[in-house]
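Spelled out, the chains give:
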Amino acid sequence: MSAASCLLTEDQFLCSICLDVFTDPVALSCGHNFCKSCITEHWDVKVQHDCPNCKEVFNTRPELQVNTFISEMAAQFRQELNRKPAAAAQSNSSKPGEVPCDVCTGTKLKALKSCLVCLVSYCETHLEPHLTASRLKRHQLIDPVENLEGRMCEKHDKLLELFCKNDQMCVCMMCTILDHKTHDVVALREEYEGKKAELGKTEAEIQQMIQKRRLKLEEFKQSVELSKKNADREMAEGVQVFSALMETVERRLNNLTDTIKEKQRETEEQAEGFIKELQQEISELEKRSSEVKKLSRSEDHLHLLQNITALNAAPPTKNWTGVRVHPPSYEGTVVRAVKQLEETLSEQMKKMISEAELKRVQQYEVDLTLDPDTAYPKLILSDDGKQVHHSDVRKDLPDNPERFDPCVIVLSKQSFSSGRFYFEVQVKGKTEWGLGVVRESINRKGDITLSPQKGFWTIWLMNENEYAACADPSVRLSLQSGPEKVGVFVDYEEGLVSFYDIDAAALIYSFTGCSFTEKLYPFFSPGPNDGGKNSAPLIISPVNQTEESNH
């Protein structure tokens, strides 16, 4: 195309009737140009001959002559347009599932837009008139869609541009006059905006549902992972426990066989000694017998008489009449060994079960710090909030509602209203102490009754060696030895509070069937100083992993 033609806009070469590049362009006296065939067909169907653009009426049908200059320019322009789709055809040709251009001949290019006025889908090249021609810019363009005919009313062959709310359907202008005359009809865009808002709300709800399900999915995955972790741990502990039990059984079996073998060896050694001694005597007697026989055959009177005296003397022999080899009795040996094994295994299993139970609750360890706002004024708390002991000096502290007075008590800052939790406290060197949990609404002033009915689940050491659980009535605890470290475990939903002797890996006491409806606070009482006898602090201690693994 020449440089001059490049300065012309594309709508200058378009016929306003067919909206395509001029074919055999003709000019009317009013100055407007059309394809010869387009204006001819236009006049063939109309009574009067006018210009489609300016509506100027001609008294007689004009003689049409092709404008050669415009025809040549249009031909060059058409060639340029044809080169563009040919070059882009390879890369922009419509693929399965894409809307093809309705104007393209030969290779169908992918449509970029569909026109709701023309009911035609256009590729990039054929869309250009709608973007540049002023009259076509008013047409409504949408993303390419197939079956544009479906946007026409089948009954009235008009564009579906309205929406009937009564029948929930798209209608044309004629429908509102005839079939939907009294119905609530709105513009498509108005209904579109409403439905789009509804879809947005629906999408938000769906996304929320998706998020909830993703969280639930993650929960399931975590449950499976936790189950696998617990299964692996239980199997490892099972292997450890049963290996220990089998070692005990094998050791006892070896002891049994060694005992039986030892008895048999002693019997054999005794019998072998007797046999050797008897064989020696038999050998001596056989020798004497041979000498006697030889002398008895002698014909020499003097020789027989001289030697008979020596042969008549009895040889040195043992009286074997009362000598016996008594086989050891094995009766009851196996029964006694099995009984002892049973007792050993029973003790060992009890210990292992206690250790396993302690390990199980220790996994719910929580990090606690003491709350100074609840501490009795004579209590001294460490800076890190992990230790407390009683002093004989009362501090001047505000008497806030949370503070215990005159009871020697302090609570933790942390509270719990669900699930399980566990903590350990060192009580070594103390002659009096109290530990447990309390509900939030307990009485903190004056005389306090320590019982579950009043919101206290605690155990105490009193008078150095008297242990008790503050139930209703109080339960005296018989412990083989005083614990140096106590573990406290709470299962809120189960209504369980348990206390453990850590070093012995033994359960001290459990409150069961409790009903928890409020926040629970860990409870600590170091007891009075007692002239320095009970000055050792209560110490909140982390679970000792090394100690735990040695149990």
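All of the points below concern the structure found in this document. (Residues numbered from 1 in each chain as written. Predicted model: local features only at pLDDT ≥ 70, side-chain atom pairs only at ≥ 80, totals over all residues. Heavy atoms only, no water.)

**Considering the environment of Leu450**
For Leu450, the position within the fold is in the loop between strand S15 (433–439) and strand S16 (456–462). Sequence separation between Leu450 and Arg476 is 26 residues, and the spatial gap between their C-alpha atoms is 15 Å. (Helix = DSSP H or I, 4+ residues; strand = E, 2+ residues; numbered from the N terminus.)

**Some words on the pairing of strand S17 (residues 466–469)**
In this structure, S16 lies alongside S17, joined through 4 bridges in antiparallel fashion. Bridging from a neighbouring strand, Leu461 pairs with Tyr467 of S17. Here S17 runs beside strand S18 (residues 475–477); their pairing, made up of 3 bridges, is antiparallel. The residue bridging Ala469 from the neighbouring strand is Val475, located in S18. Between the end of S17 and the start of S18, which pair antiparallel, lie 5 residues. (Pairing = 2+ DSSP bridges.)

**Quick notes on the pairing of strand S23 (residues 538–541)**
Every second residue of S23 is oriented toward a common face, with Leu538 and Ile540 on one face and Ile539 and Ser541 on the other, all of them buried. As paired elements, strand S12 (residues 387–390) and S23 share 2 bridges and run antiparallel to each other. Bridge assignment links Gln387 to a residue of S23, and that residue is Ile539. Sheet topology places strand S14 (residues 420–426) next to S23; 3 bridges connect them, and they run antiparallel. Across the sheet, the residue bridging to Gln426 is Ile539, located in S23. (Buried < 20%, exposed > 50% of the residue type's maximum accessible area, 1.4 Å probe, protein only.)

**A word on the side chain of Thr458**
By the secondary structure assignment, Thr458 is in strand S16. Look at Thr458 and you get buried, because its relative accessible area is 0%.

**Focus: the nonpolar core**
Trp433, Phe511 and Phe524 are the most contacted members of the largest nonpolar core, which totals 38 residues. The contact partners of Phe511, leaving out residues within four places of it in the chain, are Pro452, Trp457, Thr458, Ala469, Cys470, Ala471, Gly495, Leu496, Val497 and Phe499. Core analysis: the next-biggest nonpolar cluster, separate from the first, contains 19 residues, Phe13, Leu14, Phe22 and Ile39 among them. (Core = buried A, V, L, I, M, F, W, Y, C linked by side-chain atoms within 4.5 Å. Contact = heavy atoms within 4.5 Å.)

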